[in-house]
Number of protein chains: 2
Amino acid sequence: MAKQTESSEKFKRSSCPVASTLDIIGDKWTLLVVRDLFAGKRTYSEFQGSPEKIPTNILAERLKRLAEYEIVVKKPYQHHPVRYEYLLTAKGKDLGPVLMTMVQWGEKHLPGTKAQIIPAKEAKP
Amino acid sequence: MAKQTESSEKFKRSSCPVASTLDIIGDKWTLLVVRDLFAGKRTYSEFQGSPEKIPTNILAERLKRLAEYEIVVKKPYQHHPVRYEYLLTAKGKDLGPVLMTMVQWGEKHLPGTKAQIIPAKEAKP
DNA sequence: TCGAGTAACTTGCAATTAACAAGTAAGTTG
DNA sequence: CAACTTACTTGTTAATTGCAAGTTACTCGA
């Protein structure tokens with residue numbers, strides 16, 4: 001788990017924006033977490049509840065990575081039982097179009113897939 | 001290398017179009033091959049020439065997968081020395097918007113990345 | 001106050017996948 | 001005919017994933 005440098009400079013395969021983007025989100029799970037965030041999920045256990053059943057160690061690692069890349073921020077939303085929530089940053093919200101184009105491609109070309117209508121987010125109770 | 005079924009039905013983690021799309025293109029290399037196809041590359045050795053230096057066994061496997069999913073078609077473009085070219089299908093061309101949104105995200109958020117202007121394709125020599 | 005429960009992780013492996021180097025087959029060129 | 005090229009395949013090692021179980025901190029009900 002050794003990082004290559006102390007700084008936030010990460011390894012890049014090339015200067016191509018597609019390749020560099022894939023270095024960050026190019027795996028089976030990362031964008032699913034981002035999708036869940038767009039769907040209004042905020043906590044570790046909410047992510048675990050998704051139908052794809054992400055392994056817990058992978059979820060933890062991906063959340064850490066997403067925080068390192070400043071796609072999400074982790075903050076406690078209550079103390080005593082300290083509980084954390086993960087929120088999309090502006091950088092993370094900018095992944096929305098990537099997700100949307102995947103939804104469009106999937107719905108057009110992969111039979112049996114169907115995006116859910118995301119209910120408008122309510123104010124926190 | 002055993003497939004789960006004889007038919008072209010592939011395993012899906014869920015009915016979510018994002019998850020199902022990621023089941024196909026959710027890795028570090030697949031979309032780079034698609035990017036190269038959009039950039040006008042057509043042959044195995046042209047893909048190998050890209051700056052990310054994809055391992056040859058992975059390139060072969062990904063091309064096979066892309067053909068199975070009908071994102072590309074493989075066809076010989078000359079006999080005698082049989083040489084193959086890979087071409088995007090309509091389904092593959094529909095991945096263009098996914099690539100474009102990644103370019104936009106990368107250029108905005110990943111310093112040092114820069115999309116190349118793709119030169120107009122010349123006639124085959 | 002004890003025991004069960006919950007959220008958010010961590011740890012330990014086995015199994016799968018990726019990476020790297022080398023080798024192969026068919027055909028062409030000097 | 002020896003070297004070269006394209007398009008792969010094979011073998012081996014390294015890294016990553018997936019699954020199960022364990023941990024920590026705190027709450028709640030009997």
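Up top you'll find the structure we're talking about.
Cut-offs used in this document
Residues numbered from 1 in each chain as written. Chains lettered and ligands numbered in written order. Predicted model: local features only at pLDDT ≥ 70, side-chain atom pairs only at ≥ 80, totals over all residues. Heavy atoms only, no water. Near = heavy atom within 4 Å. Polar contact = N/O pair within 3.5 Å; in protein donor to acceptor, adjacent residues only side chain to side chain. Helix = DSSP H or I, 4+ residues; strand = E, 2+ residues; numbered from the N terminus. Nonpolar A, V, L, I, M, F, W, Y, C, P; charged D, E, K, R; others polar. Buried < 20%, exposed > 50% of the residue type's maximum accessible area, 1.4 Å probe, protein only. Core = buried A, V, L, I, M, F, W, Y, C linked by side-chain atoms within 4.5 Å. Contact = heavy atoms within 4.5 Å. Salt bridge = Lys/Arg side-chain N within 4 Å of Asp/Glu carboxyl O. Pairing = 2+ DSSP bridges. Phe/Tyr/Trp six-rings, centres within 6.5 Å; stacked < 30°, edge-to-face > 60°. Lys NZ or Arg CZ within 6 Å of the ring centre and 35° of its normal. Least-squares fit on C-alpha atoms with pLDDT ≥ 70 in both.

Participant: Explain the protein's contact with DNA strand C to me, please; I cannot follow it from the model alone.
Facilitator: Neighbouring DNA strand C are 18 residues, the closest being T56, K74 and Y86 of chain A together with W29 and H80 of chain B. Near the protein, within 4 Å, the atoms of DNA strand C are sugar or phosphate in 73% of cases. Measuring from a phosphate oxygen of DNA strand C, one finds a side-chain N or O atom of S45 of chain A at 3.0 Å. At 2.7 Å from a phosphate oxygen of DNA strand C is found a side-chain nitrogen or oxygen belonging to W29 of chain B. Those elements giving two or more residues to the surface near DNA strand C turn out to be helix 3 (44-48), helix 4 (56-68) and strand 2 (83-88) of chain A together with helix 4 (56-68) of chain B. Of all the elements, helix 4 of chain B adds the most residues to the surface near DNA strand C, at 4 residues. For the surface near DNA strand C, the per-class residue count stands at 7 nonpolar, 7 polar and 4 charged.

Participant: Can you walk me through unusual backbone geometry in this structure?
Facilitator: Negative phi characterises most residues that are not glycine, and trans characterises most peptide bonds. Residue and element names in this part refer to chain A. We note that K53 has phi near 55°; this positive angle belongs to a residue other than glycine. Positionally, K53 belongs in the loop between helix 3 and helix 4. If you check the backbone angles, E70 has positive phi at about 60° while not being a glycine. Within the secondary structure, E70 is located in the loop between helix 4 and strand 1 (72-78). The class of E70 is exposed, set by a relative accessible area of 54%.

Participant: Even after reading the chapter, I still don't get the nonpolar core, so can you show me in this structure?
Facilitator: Taken as a class, soluble globular proteins show a tendency for nonpolar side chains to be buried jointly. Ranked by size, the top nonpolar core spans 58 residues in total, and within it L31, I71 and M102 of chain A together with L31, I71 and M102 of chain B carry the most contacts. Aside from chain neighbours lying at most four places away, what touches I71 of chain B is W105 of chain A together with I24, L66, L87, L88, T89, K91, G92 and L95 of chain B.

Participant: Sorry, what's going on with the pattern of salt bridges here?
Facilitator: Opposite charge on two side chains permits pairing when their charged atoms draw close. Residue and element names in this part refer to chain B. If you walk through the whole model with that rule in mind, you get 14 salt bridges over all chains. Here D23 and R13 are joined by a salt bridge, their closest N and O atoms 2.8 Å apart. Highlighted residues: D23 in helix 1 (residues 17-25) and R13 in the segment before helix 1, separated in sequence by 10 residues. Under the relative-accessibility criterion, D23 is labelled buried at 17%. A salt bridge links R42 to E85; the nearest nitrogen and oxygen atoms lie 3.1 Å apart.

Participant: Help me understand the pairing of strand 1 (residues 72-78) of chain B in this model?
Facilitator: Each regular strand shows side chains that alternate between the opposite faces of the sheet. All names here are of chain B. In this structure, strand 1 lies alongside strand 2 (residues 83-88), joined through 6 bridges in antiparallel fashion. Paired with V73 across the strands is L87, a residue of strand 2. Counting the residues in the hairpin turn of strand 1 and strand 2 gives 4 residues, including H80, whose phi is positive at 75°.

Participant: For this particular structure, what's the right way to read the packing of aromatic side chains?
Facilitator: Centre-to-centre distance and the angle between the planes together describe a pair of aromatic rings. Residue and element names in this part refer to chain A. For the structure on display, the rule yields 2 aromatic pairs over all chains. An angle of 55° between the planes, with centres 6.2 Å apart, marks the rings of F47 and Y86 as tilted. Of this pair, F47 sits in helix 3 while Y86 sits in strand 2, placing them 39 residues apart in sequence. For the pair shown, F47 and Y86 are each scored as buried. Cation over ring: K74 sits above Y84, and NZ or CZ is 4.4 Å from the ring centre.

Participant: Even after reading the chapter, I still don't get the relation of the copies chain A and chain B, so can you show me in this structure?
Facilitator: In summary, the two copies of the chain are related to each other by a rotation about an axis coupled with a shift along it. Superposition record for chain A on chain B: RMSD 0.0 Å, screw rotation 180°, translation along axis 0.0 Å. Taken together, the turn and the small shift mark the pair as related by a two-fold rotation axis. Taking C-alpha positions as reference, the residue of chain A nearest the rotation axis is D27 of chain A, located at 2.2 Å.

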